[in-house]
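Spelled out from the first residue to the last, the chains are:
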Amino acid sequence: MQKGFSNPHLTLFPKMVGFSLIGMAIFAGVAYGFAFNKLYTELESLDTKNTKLLLRVSITSFVLIVLLDILVAWGLYHLFEKKNRAFTLLMAWLRLFYAGLLALAILNLSTYIHTPLEKIHLDEFEMQWSVGLILFGCHLILLGYLLFKSDRVPKYVSIPTLFAGCCYFLRNIALLIVPNYHIYQSIVDQILALPMALGELILAGGLIRSKGVQTL
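Residues numbered from 1 in each chain as written. Predicted model: local features only at pLDDT ≥ 70, side-chain atom pairs only at ≥ 80, totals over all residues. Heavy atoms only, no water.

**Student:** Would you mind going over the layout of surface pockets with me for this structure?
**Tutor:** Empty space among the atoms can be located by rolling a probe the size of a water molecule over them. Quantified by volume, the largest pocket comes out at close to 690 Å³. Lining the largest pocket are 25 residues, with Ala28, Tyr32, Trp129, Tyr168 and Met196 sitting closest to its centre. Looking at the lining of the largest pocket, the elements with two or more residues in it are helix H1 (12-45), helix H2 (48-80), helix H4 (119-149), helix H5 (155-177) and helix H6 (182-209). Lining the second largest pocket we find Tyr40, Lys119, Asp123, Glu126, Met127, Ser130, Arg171, Leu175 and Gln185. In terms of residues, the lining of the second largest pocket owes the most to one element, H4, which gives five residues. By residue class, the composition of the lining of the second largest pocket is three nonpolar, two polar and four charged. (1 Å grid on protein atoms, 1.4 Å probe; cavity = no way out; pocket = protein on both sides within 12 Å on 5 of 7 lines; lining within 4 Å. Points joined across faces, edges and corners; volume = space filled by probe spheres on them. Helix = DSSP H or I, 4+ residues; strand = E, 2+ residues; numbered from the N terminus. Nonpolar A, V, L, I, M, F, W, Y, C, P; charged D, E, K, R; others polar.)

**Student:** Got a minute to help me understand a nonpolar patch on the surface in this structure?
**Tutor:** On the surface, Phe19, Ile22, Ile26, Val30, Phe34, Leu194, Leu198 and Leu201 cluster together into a nonpolar patch covering about 700 Å² of accessible area. Counting residues per element, the ones that place at least two in the nonpolar patch are H1 and H6. Here the nonpolar patch takes five residues from H1, the largest share from any one element. Relative to the helices and strands, Leu201 is located in helix H6. (Patch = residues over 30% accessible without salt bridge, like charges linked within 9 Å, V, L, I, M, F, W, Y side chains within 5 Å. Areas by Shrake-Rupley, 256 points an atom, 1.4 Å probe, with all protein chains shown as cover. Salt bridge = Lys/Arg side-chain N within 4 Å of Asp/Glu carboxyl O.)

**Student:** Whenever I open this one, the nonpolar core confuses me. Can you help?
**Tutor:** One finds Leu102 and Phe125 to be the most contacted residues of the largest nonpolar core, which totals 52 residues. For this core, the secondary-structure elements that each account for two or more residues are H1, H2, helix H3 (85-110), H4, H5 and H6. It is H2 that contributes the most residues to this core, 11 residues altogether. Setting aside its immediate chain neighbours within four residues, Phe125 contacts Phe36, Phe62, Leu102, Ala105, Ile106 and Leu109. (Core = buried A, V, L, I, M, F, W, Y, C linked by side-chain atoms within 4.5 Å. Buried < 20%, exposed > 50% of the residue type's maximum accessible area, 1.4 Å probe, protein only. Contact = heavy atoms within 4.5 Å.)

**Student:** Which parts of the structure should I look at to understand the packing of H1 against H4?
**Tutor:** In helix packing, the relevant descriptors are the interaxial angle and the interaxial distance, both defined with respect to the helix axes. Two elements in contact, H1 and H4, have axes separated by 9 Å at closest approach and are oriented at 150 degrees. With respect to their mutual orientation, H1 and H4 come out roughly antiparallel. Listed contacts from H4 to Tyr32, Phe36, Leu39, Tyr40 and Leu43 of H1 are Lys119, Leu122, Asp123, Phe125, Glu126 and Trp129. By residue class, the composition of the contact of H1 with H4 is eight nonpolar, no polar and three charged. (Axes fitted to C-alpha atoms, helices over the stretch in contact; angles between N-to-C directions. Parallel < 35°, antiparallel > 145°, perpendicular 65-115°, else oblique.)

Next up, the structure:
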């Protein structure tokens, strides 16, 4: 990632995508790591007021993630379009389809802001989100491939992205089709959580540090 853009207007794309990815990681920590997971505990305590507050925090953070996903898909498309337009378009659309499925899951979850929320509703959201994360995994695999084929991107950026995509894909496919997967889910999630998180964070760091490239 050494050479600059021939078009000065495009120099903002790498940093825009990079900072958007970091923002998504922060919002994901709030939406899922904090608020959503805590909802299970609050439902058991029957604290309705706190449950509704956590639900609003989670939904708001997830909405921000969707908006950033759209921005990232647009930015990545412009970064790679001159390299392989059809392949890049597929990569970007996979992220947009994922964002659409997440938005639909959020919409369904938001109906319980003013009605009783139960554990089954949280489970339904996770299942709907998992379907979207399969597409997200495919997106990262294609993105990782594009990065890997580029002679301007270090392998320490492309390989974690590829691996993270495989982790997302396999984890969420298993959730949908493997019988009794819930028995192993916590162990699998603990193993895959780090590479899934690092994949995009390493990519974000590489893009932020770059001076911009006309085609990656």
